[in-house]
Amino acid sequence: MTQYTAKVIDEPDEYVTGELIKDGDHYYIRQAIEPKDGNCGIGKFEVIPETMEEVKKVKNENRKNKSVRKVT
């Protein structure tokens, strides 16, 4: 499943990462894992479309998956 990260529309400097949902002219990201460094938590958040970036999973040196921003 492709994941995206984007800035939350009603939170200054808060980003969420997860499944992208488009509803008309509105974009949402459903974040299923609570980040350690964020305040948004788990849920569905409306995001600013201009800040959306696709992310992909990679394995780090400890063989655990982590998300990173896609370089295009």
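These figures come from a predicted structure and were not determined experimentally.

Calculation criteria
- Residues numbered from 1 in each chain as written.
- Predicted model: local features only at pLDDT ≥ 70, side-chain atom pairs only at ≥ 80, totals over all residues.
- Heavy atoms only, no water.
- Helix = DSSP H or I, 4+ residues; strand = E, 2+ residues; numbered from the N terminus.
- Buried < 20%, exposed > 50% of the residue type's maximum accessible area, 1.4 Å probe, protein only.
- Polar contact = N/O pair within 3.5 Å; in protein donor to acceptor, adjacent residues only side chain to side chain.
- Salt bridge = Lys/Arg side-chain N within 4 Å of Asp/Glu carboxyl O.
- Phe/Tyr/Trp six-rings, centres within 6.5 Å; stacked < 30°, edge-to-face > 60°.
- Lys NZ or Arg CZ within 6 Å of the ring centre and 35° of its normal.
- Contact = heavy atoms within 4.5 Å.

Points about the side chain of Thr5
Working step 1: Turning to its location among the elements, Thr5 is positioned in strand β1 (residues 3-7).
Working step 2: According to the relative accessible area criterion, Thr5 is buried, its value standing at 4%.
Working step 3: Among the polar contacts made by the side chain of Thr5, one reaches the main-chain carbonyl oxygen of Val16 at a distance of 3.1 Å.
Working step 4: Of the polar contacts made by the side chain of Thr5, one reaches the side chain of Thr17; its length is 3.2 Å.

Points about the pattern of salt bridges
Working step 1: Taken as a whole and assessed by the stated rule, the structure comprises 2 salt bridges.
Working step 2: Note that Glu19 is salt-bridged to Arg30, the shortest N-O span being 3.3 Å. A residue pair is termed long-range when its members are at least 10 positions apart, and Glu19 in strand β2 (residues 15-23) and Arg30 in strand β3 (residues 26-31) qualify at 11 residues.
Working step 3: A residue is classified by how much of its surface remains accessible, and Arg30, at 41% relative accessible area, is partly exposed.

Some thoughts on the packing of aromatic side chains
Centre distance and the angle of the planes are the two values used to describe a pair of aromatic rings.
Working step 1: Within the structure shown, the criterion is met by 0 aromatic pairs.
Working step 2: One Lys or Arg, Lys44, reaches over the ring of Tyr28 and ends 4.7 Å from the middle of that ring.

Some remarks on the side chain of Gln31
Working step 1: Residue placement: Gln31 occurs in strand β3.
Working step 2: Among the polar contacts made by the side chain of Gln31, one reaches the main-chain amide nitrogen of Thr17 at a distance of 2.9 Å.
Working step 3: At 2.6 Å, the side chain of Gln31 forms a polar contact with the backbone oxygen of Gly41.
Working step 4: Beyond its immediate sequence surroundings of up to four residues, Gln31 is in contact with Tyr15, Val16, Thr17, Cys40, Gly41, Ile42, Gly43 and Phe45.

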